[in-house]
Amino acid sequence: MNKLTSSIKEAVINSGLRDGMTVSFHHHLRNGDYVLNMVMEAISELGIRDLTVNASSLFDTHRPMKEHIKNGTVKSILTDYMSGELGRFISAGGMNSPVQFRTHGGRPCDIENGKTPIDVAFIAAPASDPMGNCTGKRGKSACGSLGYAIPDARNARHTVVITDELVPYPLIDWSIPETDVDQVVLVDSIGDPKGIVSGTTKITRDPIGLSMAMTAVDVIKASGLLKDGFSFQTGAGGASLAAAKYLKDVMLKENIRGSYGLGGITGYMVDMLNEGCFESLLDVQCFDLKAVESIRNNPKHREISGTHYASPEAKSSAVDSLDVVILGATEIDTDFNVNVHTDSNGRIMGGSGGHSDTAAGAKLAMIIAPLSRARLPIVTDHVTCISTPGSTIDVLVTQKGVAVNPKDRELHDRLVSAGIKVMDIRELKALAESISGVPEKPRFGDRIVADVIYRDGTVIDHIREVAED
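Residues numbered from 1 in each chain as written. Predicted model: local features only at pLDDT ≥ 70, side-chain atom pairs only at ≥ 80, totals over all residues. Heavy atoms only, no water.

**A short note on the packing of helix 7 (residues 207–223) against helix 13 (residues 409–417)**
At step 1: Axis separation between helix 7 and helix 13 bottoms out at 9 Å; the angle between their running directions is 115°. Accordingly, the angle class assigned to the pair helix 7 and helix 13 is roughly perpendicular. Crossing geometry of helix 7 relative to helix 13 is assigned as right-handed. Only Leu-411, Arg-414 and Leu-415 of helix 13 make contact with helix 7, whose side of the interface consists of Val-219, Ala-222 and Ser-223.
At step 2: Residues belonging to the contact of helix 7 with helix 13 are distributed by class as follows: four nonpolar, one polar and one charged. (Axes fitted to C-alpha atoms, helices over the stretch in contact; angles between N-to-C directions. Helix = DSSP H or I, 4+ residues; strand = E, 2+ residues; numbered from the N terminus. Parallel < 35°, antiparallel > 145°, perpendicular 65-115°, else oblique. Left-handed = near helix turned anticlockwise from the far one by under 90°. Contact = heavy atoms within 4.5 Å. Nonpolar A, V, L, I, M, F, W, Y, C, P; charged D, E, K, R; others polar.)

**Considering the packing of aromatic side chains**
Where two aromatic rings form a pair, the distance of their centres and the angle of their planes describe that pair.
At step 1: Within this structure, the stated rule accounts for four aromatic pairs.
At step 2: Relative to Tyr-81, the ring of Phe-59 lies with its centre 5.5 Å away and its plane at 40°, an arrangement referred to as tilted. Placement of the pair is Phe-59 in the loop between strand 3 (51–55) and helix 3 (65–70) and Tyr-81 in the loop between strand 4 (74–79) and helix 4 (84–91), with a sequence separation of 22 residues.
At step 3: On the accessibility criterion, Tyr-81 (26% relative accessible area) is partly exposed.
At step 4: Taken together, a centroid distance of 6.5 Å and an interplanar angle of 20° make the contact between Phe-230 and Phe-278 stacked. In this pair, Phe-230 is assigned in the loop between helix 7 and strand 11 (231–234) and Phe-278 in strand 13 (residues 278–286), connecting sequence segments 48 residues apart. (Phe/Tyr/Trp six-rings, centres within 6.5 Å; stacked < 30°, edge-to-face > 60°. Buried < 20%, exposed > 50% of the residue type's maximum accessible area, 1.4 Å probe, protein only.)

**Points about the pairing of strand 4**
At step 1: The buried count for strand 4 comes to five of six residues, which makes it a mostly enclosed element.
At step 2: Of the pairings in the sheet, the one linking strand 3 to strand 4 comprises five bridges and is parallel in character. Across the sheet, Ala-55 pairs through a bridge with Thr-79, a residue of strand 4.
At step 3: Examined bridge by bridge, strand 4 and strand 5 (residues 99–101) share two bridges and lie parallel to one another. If you follow Leu-78 over to strand 5, its bridge partner there is Gln-100.
At step 4: Each parallel crossover has a hand, and the one from strand 4 via helix 4 to strand 5 is right-handed. (Pairing = 2+ DSSP bridges. Right-handed = clockwise from strand over helix to strand, strands pointing away.)

**Side note on the packing of helix 8 (residues 238–253) against helix 9 (residues 267–274)**
At step 1: Two numbers describe how helix 8 lies on helix 9: the axes approach to 9 Å, and their chain directions differ by 10°. Between helix 8 and helix 9, the crossing angle belongs to the class labelled roughly parallel. Between helix 8 and helix 9, the residues in contact are Leu-241, Ala-244, Leu-247, Lys-248 and Met-251 and Tyr-268, Asp-271 and Met-272, respectively.
At step 2: When the residues that make up the contact of helix 8 with helix 9 are grouped by side-chain class, the tally is six nonpolar, no polar and two charged.

**A look at the nonpolar core**
At step 1: Among the nonpolar cores identified, the biggest contains 105 residues, and Val-23, Ile-162, Ile-220, Phe-232 and Met-366 are the most heavily contacted of them.
At step 2: Beyond its immediate stretch of four places on either side in the chain, Met-366 contacts Ala-216, Val-219, Ile-220, Val-325, Ile-326, Leu-327, Val-395 and Val-397.
At step 3: One finds Leu-262, Ile-367, Ala-369 and Val-379 within the second-largest nonpolar core, a separate group that totals 33 residues. (Core = buried A, V, L, I, M, F, W, Y, C linked by side-chain atoms within 4.5 Å.)

**A closer look at the sheet that holds strand 4**
At step 1: Read from one edge to the other, the open sheet built from ten strands follows the order 1-10-9-6-2-3-4-5-24-25, with strand pairing classed as mixed. Of all strands in the sheet, those with a lone pairing partner are strand 1 (4–5) and strand 25 (459–466), marking the two edges.
At step 2: Contacting strand 1, strand 6 (120–125), strand 9 (158–163) and strand 10 (183–186), helix 1 (residues 8–15) crosses the sheet at an angle of about 165° to strand 10.

**Here we look at helix 7**
At step 1: The end-to-end C-alpha separation of helix 7 is 24 Å, in line with the 24 Å expected for 17 residues at 1.5 Å each.
At step 2: Within helix 7, burial applies to Gly-209, Met-212, Ala-213, Thr-215, Ala-216, Val-217, Val-219, Ile-220, Ala-222 and Ser-223. (Expected span 1.5 Å × (residues − 1).)

**What about the pattern of salt bridges?**
At step 1: For the coordinates displayed, the defined rule picks out 21 salt bridges.
At step 2: Lys-66 serves as the salt-bridge partner of Glu-85, at 2.7 Å between the closest nitrogen and oxygen. With Glu-85 in helix 4 and Lys-66 in helix 3, this residue pair connects regions lying 19 residues apart in the sequence.
At step 3: In this structure, Arg-455 and Asp-357 form a salt bridge, with 2.8 Å as the shortest nitrogen-oxygen distance. On the criterion of sequence distance, the pair formed by Arg-455 in the loop between strand 24 (444–453) and strand 25 and Asp-357 in helix 12 (residues 355–361) is long-range, its members being 98 residues apart.
At step 4: One connected set of salt bridges, linked through shared partners, spans Lys-137, Asp-173 and Glu-303. (Salt bridge = Lys/Arg side-chain N within 4 Å of Asp/Glu carboxyl O.)

By themselves, these are just geometric observations and shouldn't be taken as functional.
Next comes the structure, spelled out in C-alpha cells:
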C-alpha cells in the first residue's frame with residue numbers, strides 16, 4: 001500500500017472533494033502556516049466552489065482567503081479565532097453568510113457529535129512517515145503539540161497529511177496514527193515555526209502590567225486554592241506571563257507542588273515544570289519554541305487533543321479539574337461578561353479560543369486587564385460582544401483595584417481579609433471614565449457578520465457589520 005501522493009492538487013482530486021463540501025485545517029503553526037493557503041489555492045485552481053472552511057484559528061497569514069471568498073471558492077467559515085486583515089474584511093460585510101465562532105472545546109465537540117462534519121481534513125505535519133503516522137514534535141518545521149488537529153483527523157471522511165519531512169516507517173511517538181490518514185503529500189515547506197510566536201509571548205516590563213500580575217498572585221493565594229495538587233492555566237499575554245513568574249516564585253518559596261499546567265504552553269510554564277512547580281504539563285498547543293523543545297524531550301510534558309482539553313461532551317476533560325485560569329479581555333461589563341472577539345471599534349480581531357471553556361471549568365476564573373487601553377475604559381455597561389458569560393467569571397484584576405463577582409461572597413471576604421483592595425466593578429468603571437472619558441460606541445449596520453457560539457452549542461451573541469463613516 002502506498003499513501004504517498006505527488007502533489008496537493010492530486011490529493012484534493014483523490015479525496016473526492018466536490019462543490020459544497022467542508023474542508024478543515026488546524027493552526028499549530030499559527031502565523032507561520034503555509035498549508036491552508038497552498039491547499040485553498042489548489043482547490044480554487046480545480047474550480048471547486050461553495051466550500052465550508054472549518055479552521056481552528058485564522059491569522060493574518062491567511063489573508064488570501066479573502067480572494068477565495070470573493071471568487072466563490074469559500075462560502076462559509078467556521079473557526080475559533082480570527083485576526084488581521086481577514087477579520088477586518090468580514091467585519092466590513094465581506095461574506096454573504098455569517099462566520100460561526102466556536103470555542104476550542106466546542107469545535108471538537110461539534111465535529112464528533114456530527115453537527116459540523118468534515119469531508120476532507122488537511123493536516124500540517126512537521127514529520128510523517130509514508131503511511132501517515134505524524135507528529136509536530138520533530139522536523140525542520142516542528143511546532144510541538146498537534147492537539148487541535150487530532151479530532152479532525154479522527155473524524156473526517158478523508159484525511160490528508162501534508163509534511164516537509166518524510167521519515168522511514170514507522171514514525172515513533174506519533175500525534176496522529178496512520179489509521180486516521182488516507183494520503184500523505186511531501187512539500188518543500190509547510191511553514192515557518194518562528195511564526196508560532198505570533199502575539200505577545202514575553203513578560204511585560206510595563207509597571208502597570210507587573211503590578212497587576214503581583215495582585216493576581218495575591219488573589220490566588222487568598223483564594224485558598226494555592227496548595228499541593230494545584231492546577232493552573234494562563235495565557236500568553238505579557239501580564240499573564242508575569243503572573244506565572246511571580247506564582248512560580250511563591251510556589252518554590254512555600255514548597256507547593258502543583259498537579260498540572262494546562263493549555264497553550266509557553267516557555268514560562270516549561271520553567272515551572274522543570275523547577276518542580278508541577279508534576280506535568282498538558283499541552284494542546286505550543287506557544288513558543290522552548291515549549292516545542294520541551295514536549296519533544298520531556299515525558300512529563302504531554303500532548304492532548306482538543307477534546308481532552310475542553311470538550312463539554314467528553315466523559316471528562318482537563319478544564320473540568322482546573323483550579324485557576326488567568327485570562328485577558330478587550331472589554332468587561334458590569335455583569336462581568338467578557339469580550340475577546342472584537343476591538344473597541346467593533347471589528348473582529350480575535351475569538352474565544354479556550355477562554356470560555358476554561359472560565360466554565362476553573363474554580364477561579366480571573367481577568368487581568370488595565371483600567372483603560374489607548375484611553376478607552378476597559379469596563380463598560382454592556383460589552384460589544386459577549387464571548388464569555390459573566391456567570392463564569394470570578395474576578396477582575398486592574399492596576400487600581402480588584403472586582404469580585406457578587407455571586408461569590410466567600411471569595412470577596414477572603415480577599416478583603418487578605419488586605420487586597422476590593423472595589424465594586426461599577427466603581428472601577430466610573431474611575432476609568434473619570435480618567436479617560438466616556439467613549440462613543442461603534443456604529444453597526446443591521447447585517448450579522450458572525451455568530452458567537454458558546455461551548456454548549458447555543459448562540460450567545462451576534463457580531464454585526466461595522467458601519468462605514
